[in-house]
Amino acid sequence: MIQNIFKGLGIALVTPFTSDGNVDFPALEKLLDYQMKNGADFFCILATTGETPTLTKEEKLQIKELVVSKVGKKFPILMGCGGFNTADVVKELQTGDFSGIDGILSVCPYYNKPSQEGLYQHFKTIAAATNLPVVLYNVPGRTGVNLKAETTVRLARDCKNIVAIKEASGSLEQIDEIIKNKPQYFDVISGDDALTFPMIACGAVGVISVIGNALPKEFSRMIRLEMNGEIESARKIHHRFTDLFNLLFVDGNPAGVKAMLNEMGMIENVLRLPLVPTRLTTMQRISECLKFRL
């Protein structure tokens, strides 16, 4: 069986934009340098936090090539590849450029709300179309459908290259059921920064993190402490993050983390429509939290 290499602190990489709305490649390079030097274990690119639906095909390729050239062979790279049309996802896997990519993250089909059998057949078909490791992505709040624990475990048992799931259902009960029943070689990765501490306590192997874009050093320290059994020290860090967790998502993702990165002087606070920056009140609260922390 293929082993999962996406463990520890994964960065759900943002896409910085210039004030005129173009991809800010120099800022992206600086972000990667900062994250590599401060505790990142792997990178997740061209997914939700990267505002991927608003990127052109050319921009996606340029971002992928930049990340591969910058971090490839040093850190594993997971790249988003999913959608609500199974045939289109298969075509992308068969014809796209995945050189330098170590695995794909594939989100549950959204909008058309398939049944559990439909989800099973969708992911089974995707897994058969690639030799790369596949990480499932369950995020019902965005897709409108929940990949249930029994379906996840079924896929893990039946598809040798489905190696993990990014779980963002928010249900610790569901997550615990997956961990209890999964094959030994299959892993659970947190898709929710605020639940990373309890999920690792349940047996998750890491997180694909939003807040890790801005504060990788302390967040990765929490993960390492907890995995080494230093629970109380890890819990203290977790509790220090509580206010920021809430602020990150109150106006949507990645608006919160882009506001945070802007406050830190790392990127412009620019998003592409239909997303917009955080409200001024949220920005002020983020600024206050960062002054207290940094």
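Now for a look at the structure at hand. These numbers come from a predicted model, not from an experiment.

Once that is clear, we can look at the overall build of the protein. Check the secondary structure of the protein and you find 13 helices and eight strands. A compact globule built from 294 residues should have a C-alpha radius of gyration of about 19 Å, and the protein, at 18 Å, falls within 12% of that. Viewed in the frame of its principal axes, the protein has a C-alpha envelope of about 50 × 45 × 35 Å. Every one of the 294 residues in the protein was classed for burial, and the buried ones make up 55%. Accessible surface, the protein as shown: approximately 13,000 Å² in total, 50% of it carbon and sulfur. Taking the 32 positively charged and 32 negatively charged side chains of the protein as two groups, their mean positions are separated by 2 Å.

Moving on to empty space enclosed by the protein. Over the atoms rolls a probe the size of a water molecule, and in doing so it shows where empty space is left. Applying the stated criterion to the full structure yields one cavity of 30 Å³ or more. There is about 30 Å³ of room inside the largest cavity. Residue lining of the largest cavity: Leu13, Val14, Thr15, Ile45, Leu46 and Ile63, and that is the complete set. Considering only residue class, the lining of the largest cavity consists of five nonpolar, one polar and no charged.

A general tendency of soluble globular proteins is for nonpolar side chains to be buried together. Formed by 86 residues in total, the largest nonpolar core has its most connected members in Leu32, Ile162, Ile211, Phe219 and Met260. With residues up to four places along the chain from it excluded, the contact list for methionine 260 reads Ile211, Ala214, Leu215, Leu244, Leu248, Ile286 and Leu290. Membership of the second largest hydrophobic core comes to 17 residues, among which are Cys44, Ala47, Leu105 and Val205.

Size it by volume and the largest pocket reaches roughly 1,200 Å³. Around the largest pocket, the lining is made up of 37 residues, and of these Leu46, Thr52, Lys60, Gly80 and Gly82 lie nearest the centre. Only helix H2 (57–71), strand S3 (77–80), helix H3 (86–95), strand S4 (103–107) and helix H5 (140–143) provide two or more residues apiece to the lining of the largest pocket. When residues of the lining of the largest pocket are assigned to their parent elements, the largest contribution, five residues, is made by H3. In terms of residue class, the lining of the largest pocket is built from 17 nonpolar, eleven polar and nine charged. Of the voids in this model, the second largest pocket is the one considered here, and its volume is about 300 Å³. Together, 21 residues line the second largest pocket, and Tyr137, Arg142, Gly191, Phe249 and Asn253 are the ones closest to its centre. Split into classes, the residues belonging to the lining of the second largest pocket amount to eleven nonpolar, six polar and four charged.

Another point: helix H12 (residues 255–263). Across the nine residues of H12, seven count as buried, placing the element largely inside the fold. All of the buried residues along H12 are Ala255, Gly256, Val257, Lys258, Ala259, Met260 and Leu261. Backbone geometry just downstream of H12 places glycine 265 in the positive-phi region, at approximately 80°.

Two quantities define a packed helix pair, namely the angle between the helix axes and the distance between the axes. Taken N-terminus to C-terminus, the directions of H3 and helix H4 (residues 116–128) make an angle of 15°; their axes are 9 Å apart at the nearest point. Comparing the axis directions of H3 and H4 gives the class roughly parallel. Between H3 and H4 lies a crossing of right-handed hand. Contacts from Thr86, Val89, Val90 and Leu93 of H3 reach H4 at His122, Thr125 and Ile126. Within the contact of H3 with H4, the residues separate by chemical class into four nonpolar, three polar and no charged.

Attention now goes to the packing of helix H1 (residues 25–37) against H2. Contact geometry of H1 with H2 gives a least axis separation of 11 Å together with a crossing angle of 35°. Judged by the twist between their axes, the crossing of H1 over H2 is right-handed. Here Phe25, Leu28, Glu29, Leu32, Asp33 and Met36 of H1 come into contact with H2, specifically with Gln62, Ile63, Leu66, Val67, Lys70 and Val71. Class assignment of the residues belonging to the contact of H1 with H2 gives a composition of eight nonpolar, one polar and three charged.

Criteria and cut-off values
Residues numbered from 1 in each chain as written. Predicted model: local features only at pLDDT ≥ 70, side-chain atom pairs only at ≥ 80, totals over all residues. Heavy atoms only, no water. Helix = DSSP H or I, 4+ residues; strand = E, 2+ residues; numbered from the N terminus. Rg over C-alpha atoms; globule rule 2.2 N^0.38 Å. Buried < 20%, exposed > 50% of the residue type's maximum accessible area, 1.4 Å probe, protein only. Areas by Shrake-Rupley, 256 points an atom, 1.4 Å probe, with all protein chains shown as cover. Lys, Arg positive; Asp, Glu negative; His and termini not counted. Charge placed at Lys NZ, Arg CZ, Asp CG, Glu CD. 1 Å grid on protein atoms, 1.4 Å probe; cavity = no way out; pocket = protein on both sides within 12 Å on 5 of 7 lines; lining within 4 Å. Points joined across faces, edges and corners; volume = space filled by probe spheres on them. Nonpolar A, V, L, I, M, F, W, Y, C, P; charged D, E, K, R; others polar. Core = buried A, V, L, I, M, F, W, Y, C linked by side-chain atoms within 4.5 Å. Contact = heavy atoms within 4.5 Å. Axes fitted to C-alpha atoms, helices over the stretch in contact; angles between N-to-C directions. Parallel < 35°, antiparallel > 145°, perpendicular 65-115°, else oblique. Left-handed = near helix turned anticlockwise from the far one by under 90°.

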